[in-house]
Amino acid sequence: MSNYDITIIGSGPGGYVAAIRCAQLGMKTAIIEKYKTLGGTCLNVGCIPSKTLLDSSEHFHNANNNFSEHGIDVKGIKANIKQMIQRKDKVVSQTCDGVKFLMEKNNIDVYTGIGSIVDKNSVKIEQNNTQQTLNTKNIIIATGSKPNFFPGMKPDKKRIITSTEALNMKEIPKKMLIIGGGVIGLELGSVFARLGTQIEVVEFANTIIPSMDKTMSKELSKVLKKEGFKFYTKHKVQKVTNTGKEVNLIALNKKNEEISLKADYCLVAVGRKPFTEGLGLKNVGISTNEKGQIDVNDNLQTSTPNIYAIGDVIRGTMLAHKAEEEGVFVAEFISGQKPHINYNLIPNVVYTWPEVASVGKTEDELIAEGREIKIGTFPIKALGRARASMDIMGTIKIIASKKTDEILGVHIIGARAADLIMEAVVAMEFRASAEDLARICHPHPTYSEGIKEAALDATESRPLHI
Ligand code: FAD
Ligand code: NAD
């Protein structure tokens, strides 16, 4: 039986980053992954493949719609879905190989198989018909999540699909229904809309991306409608059926009337659920809550103190960078350090075009908390850089405390919002005021000037360029 300081179950961004940090801190580390490749959902069927297809489809969209305005004449452009998927597979495989390299570099032992907890100091690994057991001082559960669905919309993975199948399409659908106007629905919807698919989104809430600031959902909805998206908000899906060559969806509209929609595919994107099947949690008395999440304390310890859980399998947003921070947190906590995660400042990005990015609280959340706030905004179209690149859509919104001027939330929809948001994260980590941001010199011409201008607007309602 092999002996380890730490055994990690699951090699997604939570698990593999935890493994690296544990190894850096001198722990003898093992990581177990049931699939052949490392990297979990994020690298194999999540962040990386979706962003790869978003980039490919954006090139196609620009060539079709924007090149001629730039003075580039291209004719007879065709989308080659087979090549797009092949390139995506190559990017995924290179990225997964990168994680394998990092495991070797840090002397981390990688085991392929299904890991399960036997008792608080032993983990069993089963693969095919073989099994072995590791003896370990600590365990980190980093088993992630899988697609969720509700009654009547169970994916058959043929025409009623999840994000995993949508990332491996063999054809460009003529029409795709998407259940859920959240981040997966809108990102993957964008991929296919740009390739010519007619997209219809059925969303339960009264807006798309309902958890984000309402200005963002309103603006994004406008842009996507121009791209051809059709939204059925406040609609309750009753049933989806694969009828052979198409799908049939029945939903109840705002007036409780039945509507029927048809398409060649239906993507179910109504959230993800924590994955704990076959982990042996009962053997150590660890229970899950009503959402299926493993309960942890502030140190990310389960009810069995030497067993920790991180990432999608516990509470909080299901984001790769959140899982990574938690992986580092646990490694440092076990080694006796006093790590800290500021959950309020985990940035959130939707990789549509324009991108949507946010950090901190939304306007509605702050109002509900009874905070006195002031809001500064700046339209992207007023930026010279935006006109130069023809990416003029969007707005920047900075919310600050009326009393102290401290920045409480930043919400951006616009080109490169995913990168721009980091200025706000850094500022908020240092508890900057809107005036602090307004007085910092920003390079010209850049999109970042919009942040300075929105901060000026929030501080003294005195933007310079509008
Ligand atoms: P996972 O990445 O899910 O990894 C868990 C791993 O554990 C898996 O490899 C699984 O096979 C393994 N495992 C499970 N049980 C066992 C067992 N018993 N034994 C051995 N191995 C086991 N997040 C972002 O931040 N940015 C994005 O752009 C983004 N895009 C996304 C796009 C899509 C389409 C999807 C589906 C998700 C996206 N996410 C994104 C979310 C992100 O992928 C997850 O938040 C992240 O992967 C969670 O990491 P994790 O380590 O907790 O779990
Ligand atoms: P989500 O929570 O973002 O969106 C799900 C949407 O489905 C919500 O708008 C919700 O109101 C709606 N919905 C729920 N039940 C419904 C029903 N019965 N009928 C119609 N609509 C319904 O979830 P997702 O898009 O599936 O993504 C899952 C997770 O993956 C998210 O938590 C997200 O954090 C993560 N993810 C992140 C990124 C990124 O960071 N860019 C990209 C993809 C996925």
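The coordinates are above.
Residues numbered from 1 in each chain as written. Chains lettered and ligands numbered in written order. Predicted model: local features only at pLDDT ≥ 70, side-chain atom pairs only at ≥ 80, totals over all residues. Heavy atoms only, no water.

S.K.: Can you explain the overall build of the chain? Please cite residues and give values.
M.R.: Counting secondary structure elements, the chain contains 13 helices and 22 strands. For the chain, whose C-alpha radius of gyration is 24 Å, the value lies close to the compact-globule estimate of 23 Å for 466 residues. For the chain, the spread of C-alpha atoms along the three principal axes comes to 70 × 60 × 50 Å. Residues counted as buried form 53% of the 466 residues belonging to the chain. (Helix = DSSP H or I, 4+ residues; strand = E, 2+ residues; numbered from the N terminus. Rg over C-alpha atoms; globule rule 2.2 N^0.38 Å. Buried < 20%, exposed > 50% of the residue type's maximum accessible area, 1.4 Å probe, protein only.)

S.K.: Can you explain the packing of aromatic side chains? Please cite residues and give values.
M.R.: Scanning the model with the defined rule gives four aromatic pairs in all. In this structure, R159 is placed above the aromatic ring of Y265, and the distance from its NZ or CZ to the ring centre is 5.0 Å. (Phe/Tyr/Trp six-rings, centres within 6.5 Å; stacked < 30°, edge-to-face > 60°. Lys NZ or Arg CZ within 6 Å of the ring centre and 35° of its normal.)

S.K.: I'd like a rundown of the site of ligand 1, residues and numbers included.
M.R.: The environment of ligand 1 is made up of 38 residues, and the closest members are E33, T41, K51, D312 and A320. Between ligand 1 and the protein, one listed contact pairs an oxygen atom with a backbone N or O atom of G14 at 2.9 Å. Here a nitrogen atom of ligand 1 sits 3.1 Å away from a polar atom, N or O, in the main chain of K34. Surface burial for ligand 1 is 94%, taken as the share of its 1,000 Å² of free accessible area covered by protein chains. Considering each element in turn, the shell around ligand 1 owes the most residues, four residues, to helix α2 (residues 40–45). Residues of the shell around ligand 1, tallied by class, amount to 16 nonpolar, 17 polar and five charged. (Near = heavy atom within 4 Å. Polar contact = N/O pair within 3.5 Å; in protein donor to acceptor, adjacent residues only side chain to side chain. Areas by Shrake-Rupley, 256 points an atom, 1.4 Å probe, with all protein chains shown as cover. Nonpolar A, V, L, I, M, F, W, Y, C, P; charged D, E, K, R; others polar.)

S.K.: Summarise the site of ligand 2; cite the residues concerned and give the values.
M.R.: The full set close to ligand 2 counts 22 residues, and I184, E187, E203, G271 and V349 are the nearest of them. F204 is positioned with one of its backbone polar atoms (N or O) 3.1 Å from a nitrogen atom of ligand 2. One nitrogen or oxygen atom from the main chain of V349 is found 2.7 Å from a nitrogen atom belonging to ligand 2. For ligand 2, whose accessible area on its own is 840 Å², the fraction buried by protein is 77%. Top element by residues in the shell around ligand 2 is helix α6 (residues 183–194). It accounts for three residues. Among the residues forming the shell around ligand 2, the class breakdown is 14 nonpolar, four polar and four charged. For the shell around ligand 2, the domains that each give at least three residues are domain 1 (2–147 + 273–343) and domain 2 (160–270). (Domains from an automatic or database assignment.)

S.K.: Give me the sheet that holds strand β19 (residues 355–360): which residues, what numbers.
M.R.: Read from one edge to the other, the open sheet built from five strands follows the order β18-β19-β22-β21-β20, with strand pairing classed as antiparallel. The sheet terminates laterally at β18 (348–350) and β20 (373–379), the two strands that pair on one side only. Each strand axis lies, on average, 10° off the axis of its neighbour in the sheet, ignoring direction. Bridging between β20 and strand β21 (residues 395–401) involves seven bridges; their strand directions are antiparallel. Looking at β21, one finds that I375 is bridged to I399. Sitting on the sheet, helix α13 (residues 449–460) is in contact with β20, β21 and β22 (407–414), with an inclination near 145° to β20. (Pairing = 2+ DSSP bridges. Axes fitted to C-alpha atoms, helices over the stretch in contact; angles between N-to-C directions. Contact = heavy atoms within 4.5 Å.)

S.K.: Kindly report on the pairing of strand β5 (residues 122–127), identifying the contributing residues and their values.
M.R.: Of the pairings in the sheet, the one linking strand β4 (residues 114–119) to β5 comprises five bridges and is antiparallel in character. Paired with I114 across the two strands is E126, which belongs to β5. The hairpin formed by β4 and β5 contains two residues between the paired strands. Direction of pairing for β5 relative to strand β6 (residues 130–141): antiparallel, over a ladder of six bridges. Directly across from E126, in β6, lies its bridge partner Q131.

S.K.: Tell me what's going on with the nonpolar core, and back it up with residues and numbers.
M.R.: The biggest cluster of nonpolar side chains holds 52 residues, and the ones touching the most others in it are I8, Y16, M103, I117, I140, I141 and I294. A per-element tally of this core places helix α1 (residues 13–24) first, with seven residues. (Core = buried A, V, L, I, M, F, W, Y, C linked by side-chain atoms within 4.5 Å.)

S.K.: Could you give me a rundown of unusual backbone geometry, with the residues and numbers involved?
M.R.: The omega torsion of the bond from W353 to P354 falls at 0°, within 30 degrees of zero and hence cis. In the segment running from H444 into P445, the intervening peptide bond is cis, with an omega of -5°. Its place among the elements puts P445 in the loop between α12 (434–438) and α13. For K234, which is not glycine, the phi dihedral falls at a positive 55°. Topologically, K234 is positioned in the loop between β11 (230–232) and β12 (236–242). Using a relative accessible area of 45% as the deciding quantity, one classes K234 as partly exposed.

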